[in-house]
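Overview (structure and organization)
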Amino acid sequence: MTDPIQAAETVLRLDGITKRFGDLTANCDVSLDLARGEILALLGENGAGKTTLMNILFGHYVADEGQVYIASPGTGLSELEAGSPHAALEAGIGMVHQHFTLAENLSALDNIVLGTENLSALTSARKPARQKLEDLIARSGLSVPLDARISQLSVGEKQRVEILKALYRDARVLVLDEPTAVLTPQESDTLFATLKKLADDGLAIIFISHKLAEVIASSHRVAVLRGGRKVADLPTADCDLRKLAELMVGHEIVETVRSKGSPGAPLLALNAVSAGEGRDALHEVDLTLNSGEILGIAGVSGNGQTMLARVISGLQVPASGTMTLAGNDETGANARKMIDEGLARIPEDRHHDGIVGAMSVSENLAIESIRKPQNQRFGLLRFSAMRETARRLIETYDIRCQGEDSPARLLSGGNIQKIVLARTLDPEPQVVLAAQPSRGLDVGATSDVHKRLLAARDRGAGVILISEDLDELMRLSDRIAVIHRGRLSAADPTEALDRGTLGLRMAGQSGEAA
Amino acid sequence: MIEIIEILLSANFWAAALRIATPLIFGVIGALICERAGVLNLGIEGIFTAGAMAGWMAVWLGAGLWGGVLVAAGAGALFGLIHAILTVPLGLSQHVSGIGVTLFATSLSYFIYRTALPDVSSPPRIDAFQPLDIPVLSELPFIGPALFQQTPLTFLALFLVLATAYVLYRTPLGLAIQAVGDNPAAVESQGLSVYAIRMGTVVAGSAIMALGGAFLTMSAFDAFFFGMVNGRGWICIALTVFASWRPGKALVGALLFGAFDAFQVRLQTEVGSFIPGQVFLMMPYILSIAALIVVARRADYPRALLVPYFRGQR
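These numbers were taken from a predicted model, which means no experiment stands behind them. (Residues numbered from 1 in each chain as written. Chains lettered and ligands numbered in written order. Predicted model: local features only at pLDDT ≥ 70, side-chain atom pairs only at ≥ 80, totals over all residues. Heavy atoms only, no water.)

Observations regarding the overall build of chain A
- Scanning chain A for helices and strands turns up 18 helices and 23 strands.
- Its C-alpha atoms give chain A a radius of gyration of 25 Å, near enough to 24 Å, the size a compact globule of 514 residues would have.
- By principal-axis analysis of the C-alpha atoms, chain A measures approximately 75 × 50 × 45 Å.
- The proportion of buried residues among the 514 residues of chain A is 53%.
- Counting contacts in chain A only where the partners sit at least 6 residues apart, residues at least 24 apart contribute 66% of the total.
- Counting every atom, chain A has about 22,400 Å² of accessible surface; 50% of that belongs to carbon and sulfur.
- Computed over 55 positive and 68 negative side-chain charges, the inter-centroid distance for chain A is 3 Å. (Helix = DSSP H or I, 4+ residues; strand = E, 2+ residues; numbered from the N terminus. Rg over C-alpha atoms; globule rule 2.2 N^0.38 Å. Buried < 20%, exposed > 50% of the residue type's maximum accessible area, 1.4 Å probe, protein only. Contact = heavy atoms within 4.5 Å. Areas by Shrake-Rupley, 256 points an atom, 1.4 Å probe, with all protein chains shown as cover. Lys, Arg positive; Asp, Glu negative; His and termini not counted. Charge placed at Lys NZ, Arg CZ, Asp CG, Glu CD.)

Given below as structure tokens:
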């Protein structure tokens, strides 16, 4: 596959990598070459095996078959010791994980220096380290306050610390796992500009992504993984969005299309609601949701979305402000009251807050309605009725499981989300609160979620869609508001917005819609 | 009122406070470094007992006093290793393993003692450490008798506070220990072994704890008897929280507790005729609970404390 001219400069080669976890084959015979100064995008859906492959490269996992070869300066390719992050680091591989691997209680400098010095040394040589880092920062533009504790840094700064960690060790191959997942569009642009500069200086870069636009904009070459196999490896110049999408998903894509909604009367209103403290707090949030519309809430993760969802679902009592649902004051109402009043809560962390893993599918489906007469009599649960309802919902919502009695934890993420959807949407709620409803789901499950939300809207419910995915928001929402540092902007009609404006608002610059 | 001021102004009171604080300093420093690496060590109470017994028995069998100290540290390290293996690579509950180590170490110490000395009515005595008069310093008025007429183990404890602070904040190893207690993935991603650092720290911390026990039989008293540790280990666990996992604050906490204890003994002789003695015995514990309530609410826990780490899992 490799261009013969580039072959001489190959710095990294994965050869026939296969990795199995039990019955699941995460990677199947994947081979990949990477040249000096090249930016390779590793594209694939969730569960396609991208992260597994990179974890094998970095020594977190050991491959069942296949080898990793890396070029050391001056010599040719040689085999890399498997299963040793230490060996990978020594060989010049740096990895920026999706979940940052930083000690929050140490300074940026200490995090970078950690592990580069002999542990039996009596002093830490911070002065030369600082000198080297200041040079690196000047050359790469990765500005970071070296003496600040990690806990005080922003997400973008933490990511720059991670990249500096690799550069400080003179990495020649840099791997970034979903680097833009936590960034605003502008921060992402800055990141890719930096990566381009580093590649021009000879660094070989692999970045993992499932966002087609950034892959096309920022890579030299694309390798597509699907179901653990490499299905394509081609120069980015030969690709377009449609082709890549089809390679990634494996079939043609039918996008959910939103018809124009017909918003009705105001349904849910928040007036000057403040709640919580710290980074995720809300400050004087005003929000009005009408019936028959989807209101999108955009924002970079950790700007108060979680608290907003908690307040609306009755899990958090606001410190000040009021909340009304269909004209009734619900300030301080608890979660059960909110559900009884017609709120459907699709929680952000579906594994943790959406299901009880040890309980059966039917119990999970009934969990929010166990007090209703159809599910209990004289305070005793009616299991047969619950099972019957469960069988109907499994059918209607196409929940793939062994049966209504199998434990919910055995289901895949997409099917767990279907349990949540069935439970919350079946009683035809007035208000649907969907927090990150498609996060981590594959294309099929995502489009199912989207259809259900649109259906809820079309029968007259009001839907609040909290998401970090701008494409999803623009496709589904009738209006979009942006949350930044706990403050919510006014909601503008989607037609009046574009990605750039939203991106600026997500970064806290309240530019008016162009 | 006058009596209270008189107590606080006597050099003898401050000397006693420092003496009472010494085993706690060892204990809290040991517990603190274990927890900094993310491992709660509830084996401390048993490790105290094992250190007390092992150190004393080594001397009784003919070893020198410092030989006894080494044996005590070794015994502590051994029980620490058990706890480390159970909680670090095997990832078992740190609470359960710690309580298990305490029960095991305590019972084994009593068993060995009873086996070696089947029928003695009064515990045999050894020639314990004697107070060390540091030239010049010990002759200072007030401060001399209060601070500088202690046994060598007290000075060792104070030195360990300094050494721990230095290692923790100034050396690459200390950085690694702090990081592994906050986010083990940060340590692994930099090519270091989470298991090696955690296990090494727990073993070293346990050895230091055992010195607290050794102080009891080789400095404070000159014999070993059952129940002599008497909850000091648990106090150290509380003091660790009180100290927010900082060596300097740990020293302050231990001294505070020592002062309360020394104070209650003296107050008892002054006003003991009309207040029951048990009230005074309770005092240091009640005061340490009160101090905890004030301080611990804002405690900055090591984020990975109690969380086992498994490689290749996230």
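Some words on the interface of chain B and chain A
- With 27 residues of chain B in contact, the opposing surface of chain A contributes 34 residues.
- A combined buried area of about 2,400 Å² lies between chain B and chain A, and 54% of that area is made up of carbon and sulfur atoms.
- At the boundary of chain B and chain A, one finds 0 salt bridges.
- Across the contact surface, chain B and chain A share 14 residue pairs in polar contact (both at pLDDT 80 or more).
- When residues of the side of chain B that touches chain A are traced back to their parent elements, those giving at least two are helix H7 (152-170), helix H8 (172-182) and helix H9 (184-188) of chain B.
- Top element by residues in the side of chain B that touches chain A is H8 of chain B. It accounts for 7 residues.
- A class-by-class count of the residues in the side of chain B that touches chain A yields 12 nonpolar, 7 polar and 8 charged. (Buried area = accessible area lost by both parts, 1.4 Å probe. Salt bridge = Lys/Arg side-chain N within 4 Å of Asp/Glu carboxyl O. Polar contact = N/O pair within 3.5 Å; in protein donor to acceptor, adjacent residues only side chain to side chain. Nonpolar A, V, L, I, M, F, W, Y, C, P; charged D, E, K, R; others polar.)

Here we look at the state of the cysteines
Residues and elements named next belong to chain B.
- Throughout the structure, instances matching the rule amount to 0 disulfides over all chains.
- Cys236 takes part in no disulfide bond, and the closest cysteine sulfur to it belongs to Cys34, at a distance of 12 Å.
- Of the residues examined, Cys236 reaches a relative accessible area of 0% and is grouped as buried. (Disulfide = S-S within 2.5 Å.)

Description of the packing of aromatic side chains
All names here are of chain B.
- Summed over all chains, the structure comprises 15 aromatic pairs over all chains.
- Here Tyr113 and Phe226 contribute two aromatic rings whose centre-to-centre distance is 5.9 Å and whose plane-to-plane angle is 65°, an arrangement assigned as edge-to-face. Taken together, the residues span a long stretch of sequence, with Tyr113 in helix H5 (residues 94-116) and Phe226 in the loop between helix H10 (194-220) and helix H11 (232-242) at a distance of 113 residues.
- Residue Tyr113 is classed as buried on the basis of its relative accessible area, which comes to 4%.
- Relative accessible area serves as the criterion here: at 40%, Phe226 is assigned to the partly exposed category.
- Each ring, one from Phe221 and one from Phe225, has its centre 5.7 Å from the other, and the planes form 70°; the classification is edge-to-face.
- The class for Phe221 is partly exposed, based on a relative accessible area of 36%. (Phe/Tyr/Trp six-rings, centres within 6.5 Å; stacked < 30°, edge-to-face > 60°.)

Digging into the confidence of the model for chain A
- Confidence in the prediction for chain A averages 88 pLDDT; 96% of positions are at 70 or higher.
- Note that residues 1-8 of chain A has pLDDT below 50 and, in this model, 5 contacts with residues that lie over four places away or in other chains. (pLDDT = per-residue confidence, 0-100.)

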